[in-house]
Amino acid sequence: MRQRIAINYLAIWSFALSYFSVSISANAQLMSRVDCFLPAGWEGKEAKLVVNLLHQSPLIDTATVVNRHAVFTVNIAEYSPAYIWLEGNSDDIHFFLDAPRIDIAVDPKSFDQPLVTGSPGSELWGRQQRLIQELRESQRKIRDDFFATPSATDSLLIDSLSVALVKFEPIADSLDDAHNQVMAQLISENPEAASSWYLFASNFSGLPYSTTLALFDKLAHFRSNPSYKQIDRTLSHNKVGQKASPFNWLTMTGDTTRLADQCSKLVLLDFSSSYMVSCQLRHRALKKLYKLYHPLGLEIITISTEFSHGFGQDFSDKEKLPWPVVLSTLSAPDEEINSPVGRVSDNLLVDTHQMIVGRDMSIQALQDTLKALLKKE
């Protein structure tokens, strides 16, 4: 229920978010001075400014409180969220670092919350984070309530946990979908806000590929950002119309499979996980398509990401997929699989010239494509 409420809040706050959205130039470099005015009696205490840079270690600047002030000066390539850690203060002060000068005042005797001035994006950033936090808390509660049931805590822990995981799969899939919907809506409502770009750039690999492309098109305001150029290269790689990355994988039967060796007219690379209900349902549909189109030139290779080799073997024994299966475990996916995609579930449809003709396709879209490209002679 709280999950649905969190999503409904988006519509209520849509106008407010748009009102506070500020179109900020995306040109780097940004040198920013952050001046903190602090309570009397904090003289000599330590303070830290922590900037959460995209895809990098946090940038940390340290200052000492002198005459009730702690002053920081940092130089960053892109606007980023940040927080102030103060010795003796129980809560960090969060804001968005997006201006040459930002002033922060902390005085519990005069006002309840720290005051942040000079940062046009901090209020929007705070609203976005509160929405995301609400959703995460509701998801955490759902998970905790589910696994607190007797089936997950009896004496046969391993067996009961496996049963619980199977029962939890539909819930987990719906929670992931809700998270993706909220994230996409927060970004698309304010496409010129620096905080929206940060949300996208730090989460795009976990979103459905089609959603990622649609959001990326809306965020062209940030094309001069270094991260924009990096993500553009990532999204262009293994995109429809591009040549697929070569691979050399070992299947669960011990055979080596290479894309260059495939003689089929079309090869579907199916990136999935057996613990996702959406993938289970997809495999049922794929079996029907495989039976119909394999004689006409379709091959499928499933790359299955599992908790362990044991889970992978159980999946293989249970599903009995009639096409090759490659196993990637969560414990060491990078060592085992050089995956051309960033998330599960996803797929690539590749033709005989190793060109990508489909990406992240629904069953219906795949069926339509197969019907058009594979015809009975």
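Everything quoted here is computed from the prediction, not taken from an experiment. (Residues numbered from 1 in each chain as written. Predicted model: local features only at pLDDT ≥ 70, side-chain atom pairs only at ≥ 80, totals over all residues. Heavy atoms only, no water.)

A. Examining the overall build of the protein more closely. For the protein, the count of helices and strands is 10 helices and 15 strands. Put simply, 65% of the contacts in the protein that link residues at least 6 apart link residues at least 24 apart. For the protein, the computed accessible surface area is about 19,400 Å², with 53% contributed by carbon and sulfur atoms. (Helix = DSSP H or I, 4+ residues; strand = E, 2+ residues; numbered from the N terminus. Contact = heavy atoms within 4.5 Å. Areas by Shrake-Rupley, 256 points an atom, 1.4 Å probe, with all protein chains shown as cover.)

B. Main features of the environment of Phe 222. Relative to the helices and strands, Phe 222 resides in the loop between helix H5 (209-218) and helix H6 (226-236). Distance in space between the C-alpha atoms of Phe 222 and Pro 191 is 9.4 Å, their sequence separation being 31 residues.

C. Local environment of the packing of helix H4 (residues 194-203) against H6. Where H4 contacts H6, the two axes come as close as 11 Å, and the packing angle between them is 40°. Viewed along their axes, H4 and H6 form a crossing whose handedness is left-handed. Residue-level inspection shows Trp 197, Phe 200 and Ala 201 of H4 in contact with H6, the latter providing Ser 227, Tyr 228 and Ile 231. Taken together, the residues of the contact of H4 with H6 break down into 5 nonpolar, 1 polar and no charged. (Axes fitted to C-alpha atoms, helices over the stretch in contact; angles between N-to-C directions. Left-handed = near helix turned anticlockwise from the far one by under 90°. Nonpolar A, V, L, I, M, F, W, Y, C, P; charged D, E, K, R; others polar.)

D. View of the pairing of strand S4 (residues 69-76). Burial along S4 is one-sided: Ala 70, Phe 72, Val 74 and Ile 76 are buried, and none of His 69, Val 71, Thr 73 and Asn 75, which face the opposite way, are. Bridge analysis of strand S1 (residues 30-37) against S4 gives 8 bridges, and the strand direction is antiparallel. Each residue of the ladder has a partner; that of Phe 37, found in S4, is His 69. (Buried < 20%, exposed > 50% of the residue type's maximum accessible area, 1.4 Å probe, protein only. Pairing = 2+ DSSP bridges.)

E. Representation of the pairing of strand S13 (residues 325-329) in the model. Extensive coverage of S13 is indicated by the burial of 5 of its 5 residues. What you see with S13 is no split at all: Val 325, Leu 327 and Thr 329 on one side and Val 326 and Ser 328 on the other are buried throughout. Following the chain from strand S12 (residues 298-306) across helix H8 (residues 309-319) to the adjacent parallel S13, one finds a crossover that is right-handed. (Right-handed = clockwise from strand over helix to strand, strands pointing away.)

F. View of the sheet that holds strand S5 (residues 80-86). Here 4 strands make up an open sheet; going across it, the order is S3-S2-S5-S6 and the pairing antiparallel. Edge positions in the sheet fall to strand S3 (59-64) and strand S6 (93-97), since each of these pairs with one other strand and no more. Pairwise comparison of adjacent strand axes, ignoring direction, gives a mean angle of 25° for this sheet. Bridging between strand S2 (residues 46-51) and S3 involves 6 bridges; their strand directions are antiparallel. Considered in S3, the bridge of Ala 47 is made with Ala 63.

G. How the structure looks around the packing of H5 against H6. Running from N to C, H5 and H6 point in directions that differ by 140°, and their axes come no closer than 12 Å. In terms of axis orientation, H5 runs oblique to H6. Of the two possible hands of crossing, H5 and H6 adopt the one that is left-handed. Contacts from Tyr 209, Thr 212, Leu 213 and Phe 216 in H5 reach Tyr 228, Ile 231, Asp 232 and Leu 235 in H6. Across the contact of H5 with H6, the residue classes tally to 6 nonpolar, 1 polar and 1 charged. (Parallel < 35°, antiparallel > 145°, perpendicular 65-115°, else oblique.)

H. Seen up close, the sheet that holds strand S15 (residues 356-359). Strand order in the open sheet formed by 5 strands is S13-S12-S11-S14-S15, with mixed pairing between adjacent strands. One side of each edge strand has no neighbouring strand; the edge strands of this open sheet are S13 and S15. Going across the sheet, the axis of each strand differs from the next one's by a mean of 15°, ignoring polarity. Helix H7 (residues 277-293) rests against strand S11 (266-272), S12 and strand S14 (346-351) of the sheet, and its axis sits at about 160° to S12. In the packing of helix H10 (residues 363-373) onto the sheet, contacts are made with S11, S12, S14 and S15, and the angle to S11 comes to roughly 165°.

I. How the structure looks around H7. Across its 17 residues, H7 extends 24 Å between first and last C-alpha, which sits within 8% of the 24 Å expected from 1.5 Å per residue. Among the residues making up H7, those that are buried are Val 277, Cys 279, Gln 280, Arg 282, His 283, Ala 285, Leu 286, Leu 289, Tyr 290 and Tyr 293. (Expected span 1.5 Å × (residues − 1).)

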